[in-house]
Structure formats: C-alpha cells, structure tokens
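Structural features, examined
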Amino acid sequence: MAVRPARTANAIDQTRRMLSLVTYLRERPGARIADVARAFGITEDELVADLDLLPMCGTSFRGGDLLDIDTDGERIWWHNPAALGEEAAEPLRLAADEATALLVAARAVSTLPGLRESDRQALLRATAKVEAAAGEAAGASSRLSVTFESEGGVFADVDRAISERRRLWIRYYSPARDEVTEREIDPIRLVSVGHTYVEAWCRRSEARRTFRLDRVAEIRILDAPSAPPEIELRDLSEGLVQPAAEDPEVVVEVGPGGRWVAEYYPHDSADELPDGGLRITLRTPEPASLRRLALRLGRDGRIVSPPELADSARSAAAEALAAYDAEPSVGSPR
C-alpha cells in the first residue's frame with residue numbers, strides 16, 4: 001500500500017477535522033481506517049494521531065463523559081457514542097456568587113429610567129426564573145443593590161428624543177476649553193465606547209458632534225422636530241476618535257518616553273527622530289484638546305504646530321507650574 005508523506009497541519013485545521021471526525025465516526029461504527037483517511041484526505045498516520053487525541057475530549061473530564069474511541073489497527077470502534085447525545089446534556093448550573101451577581105445586575109438594570117416597559121417586563125420575568133432556580137443562593141442578592149450614576153436620566157431623555165425624533169437642548173461641559181456651552185442638537189444614536197455618548201448634529205457648530213453623557217450638565221427635550229441631515233454613520237469599531245481629512249493638522253514631537261502617543265492617537269504619520277522619539281502628524285476637530293496631552297507629556301513631548309496651539313500649550317504648562325510652586329509644602333506655615 002502506498003503511503004503519502006505526512007503533511008504539516010496547523011492546530012486550527014486539525015481541530016476542524018477532529019470535530020468533523022466525531023460526527024463521521026458516530027454514524028459509521030466499525031469504520032475502516034483506510035476508508036476514513038481517504039474520506040478526510042489525510043494519511044493513515046495522521047488519522048491515528050487524531051484518534052489518540054479524541055479520548056481526551058468530552059463534555060467534561062469525568063470518566064464517563066470522555067470519548068471512548070480506539071482502534072484494532074484496521075477498524076475504529078466508538079464504545080460510548082451516547083456521551084455526546086442529548087441525554088448527556090446537563091442543565092446550566094450557577095454557583096452562588098454567579099447567581100448573586102446576575103440577580104443584582106438584573107434588578108439594577110430593570111430600574112433604569114431609559115428602559116422600555118416591554119424590555120423591563122421581560123427582564124423581570126427572566127429574573128424571577130433565575131431566582132427560582134437559584135433557591136437559597138438568591139437570598140444574598142436581595143441584600144445588595146447597585147445605584148447607577150446620574151447620567152441615567154440623561155440617557156433616558158436622549159433615548160426618548162431619538163425615539164420621538166425631537167430636538168434636544170443641552171448645557172455641555174467641554175474639558176478641552178474648560179467651559180460650559182449651551183447647544184441645540186438633533187440626536188442620531190447612542191453609542192458606548194468606554195463611556196456612553198450621543199452622536200448628534202450640533203446646530204451651534206453645524207456639524208456632526210459626539211457628546212459624552214456624563215458631561216451633560218442639563219438637558220431638555222424640545223418640541224422642535226429632530227432633523228439631522230442625511231449623513232453616513234461611522235464605523236466605531238476602531239474607536240470613537242476618527243479624524244476627518246478636513247480637520248486641522250497638528251504636529252507633535254515626543255521623546256522615547258512619549259512614543260505611546262502614536263499607539264493611542266490616530267495619526268497621518270510618525271517619523272523617527274535621532275533621539276529615539278517621534279514626530280507625529282495628526283488631525284483633530286478640536287486642536288485645543290491636545291493641550292492636556294502636552295501637559296501630560298511634560299518633558300517627553302511638545303506641540304510644534306500650529307504655532308498658536310504651541311504657544312497656548314506652553315502658557316498652560318507655565319500656569320500649572322506656577323500654581324504648583326505657589327502651593328505650600330506639607331508642614332509649612334500658612
């Protein structure tokens with residue numbers, strides 16, 4: 001019998017083959033090794049290697065749940081095919097701490113003001129079933145509670161405005177400019193990327209903007225209809241900040257200790273500098289927001305352009321240093 005040379009297979013290929021092999025063997029008790037190898041397009045040696053692994057697999061590591069498969073050198077015998085049958089499946093069991101965490105979270109979510117009533121009722125029904133299944137383990141959960149941050153009310157208003165297609169008035173804090181502004185926005189959608197945001201058409205800037213809910217100081221639903229222009233929704237899988245080609249260009253130079261900036265900020269280019277640092281060119285709709293980056297970098301980086309932003313960053317750093325120097329040291333007289 002001619003034997004083909006063994007091929008090199010990666011782990012993924014072997015896993016897929018073994019999963020198929022289980023089904024194949026279950027339907028063909030006493031199958032011949034030569035026939036099975038031919039059906040799967042592998043050598044008999046490769047098949048025997050797979051068969052050596054299968055007895056280590058099963059629904060659990062208890063003896064009766066592992067696959068009892070062996071071969072006499074010519075045929076393959078599976079002695080406990082029922083190990084993977086429906087009759088072997090066990091109901092999901094939760095440990096006491098898992099049941100407690102699940103019940104506390106479910107009850108907390110059911111109190112959210114922005115939750116639709118149909119969803120709330122469905123959640124309460126599911127919670128009741130978990131309580132019944134958990135038995136005594138459910139007792140601890142009744143003594144615990146979770147309180148959400150105040151942004152829950154803002155979330156509810158934004159969600160309602162989106163559903164009813166109504167405009168919003170907000171007072172919003174911008175940390176980049178350290179100021180609170182009043183705006184009217186046409187909400188488009190709620191998104192969660194670390195924090196919860198509303199993507200909206202801002203009537204003040206006449207552009208699409210994203211607002212973080214925990215920075216909304218005040219919110220009102222207006223009678224005016226929400227009518228954002230037809231815009232393509234962005235794919236946020238790569239992060240919330242995705243600069244546009246028309247955004248202002250900013251150049252930042254960082255030393256070796258500031259190379260992390262190129263990993264965390266989307267950029268157009270990152271050129272190596274002789275000292276091991278980088279010259280990074282990036283775009284942002286709000287260049288002033290990078291002043292905080294400059295303060296964080298300290299001696300590890302500086303803003304090169306635009307000149308007005310570089311001057312602003314230097315002034316902010318000088319003010320911060322002056323404020324630090326003015327602070328009395330511990331134990332000094334006041």
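Residues numbered from 1 in each chain as written. Predicted model: local features only at pLDDT ≥ 70, side-chain atom pairs only at ≥ 80, totals over all residues. Heavy atoms only, no water.

Looking at an unreviewed UniProt entry, one finds the chain named WYL domain-containing protein, with Streptomyces argyrophylli as its source organism.

Take the overall build of the chain next. What the chain contains, in helices and strands, is ten helices and eleven strands. In the chain, which comprises 334 residues, the share counted as buried stands at 32%. Once local pairs closer than 6 in sequence are excluded, the contacts in the chain between residues at least 24 apart make up 54%. Surface exposure of the chain reaches about 21,200 Å², of which carbon and sulfur atoms provide 52%. (Helix = DSSP H or I, 4+ residues; strand = E, 2+ residues; numbered from the N terminus. Buried < 20%, exposed > 50% of the residue type's maximum accessible area, 1.4 Å probe, protein only. Contact = heavy atoms within 4.5 Å. Areas by Shrake-Rupley, 256 points an atom, 1.4 Å probe, with all protein chains shown as cover.)

Listed in full, the buried residues belonging to helix H2 (residues 33-40) are Ile33, Val36 and Ala37. Summarising the axial view, the buried residues of H2 lie within an arc of 100°, below the 170-degree limit, and thus occupy one face. Among the exposed residues of H2, those oriented more than 90 degrees off its buried face are Arg38 and Ala39. Gly41 occupies a position one or two residues after H2 and carries a positive phi of about 70°. (Arc of directions from axis to C-beta.)

With that settled, consider the packing of helix H4 (residues 96-110) against helix H5 (residues 117-134). In the contact formed by H4 and H5, the axes pass within 10 Å of each other and the chain directions differ by 160°. By the angle between their axes, H4 is roughly antiparallel relative to H5. Read as a crossing pair, H4 and H5 show a hand that is left-handed. Every residue of H5 that contacts H4 at Ala99, Leu102, Leu103, Ala106, Arg107, Val109 and Ser110 is listed here: Arg120, Leu123, Leu124, Thr127, Val130, Glu131 and Ala134. Looking at the contact of H4 with H5 residue by residue, the classes come out as nine nonpolar, two polar and three charged. (Axes fitted to C-alpha atoms, helices over the stretch in contact; angles between N-to-C directions. Parallel < 35°, antiparallel > 145°, perpendicular 65-115°, else oblique. Left-handed = near helix turned anticlockwise from the far one by under 90°. Nonpolar A, V, L, I, M, F, W, Y, C, P; charged D, E, K, R; others polar.)

Let us now look at unusual backbone geometry. Between Ser305 and the following residue, Pro306, the backbone shows a cis peptide bond with an omega angle of 5°. Note on placement: Pro306 falls in the loop between strand S11 (301-305) and helix H10 (307-326). Here the phi dihedral of Arg165 falls at roughly 55°; this positive angle occurs in a residue that is not glycine. If you trace the backbone, Arg165 turns up in the loop between helix H7 (151-164) and strand S3 (166-174). Within the chain, Glu206 stands out as a residue other than glycine whose phi angle is a positive 50°. Structurally, the position occupied by Glu206 is in the loop between strand S5 (195-202) and strand S6 (207-212).

Glancing now at the packing of aromatic side chains. Within the structure shown, the criterion is met by one aromatic pair. A ring pair is formed by Tyr172 and Phe211, whose centres lie 5.0 Å apart and whose planes are at 80°; its orientation type is edge-to-face. Of this pair, Tyr172 sits in strand S3 while Phe211 sits in strand S6; the two residues are 39 residues apart in sequence, bridging distant segments of the chain. Given a relative accessible area of 8%, Tyr172 falls into the buried group. For Phe211, a relative accessible area of 2% gives the class buried. Between the NZ or CZ atom of Arg28 and the centre of the ring of Tyr24, over which it lies, the distance is 3.9 Å. (Phe/Tyr/Trp six-rings, centres within 6.5 Å; stacked < 30°, edge-to-face > 60°. Lys NZ or Arg CZ within 6 Å of the ring centre and 35° of its normal.)

All right, on to the side chain of Glu199 then. Looking at the secondary structure, you find Glu199 in strand S5. Judged by relative accessible area, Glu199 falls into the buried class, the value being 1%. A polar atom in the side chain of Glu199 sits 2.6 Å from the side chain of Arg189. (Polar contact = N/O pair within 3.5 Å; in protein donor to acceptor, adjacent residues only side chain to side chain.)

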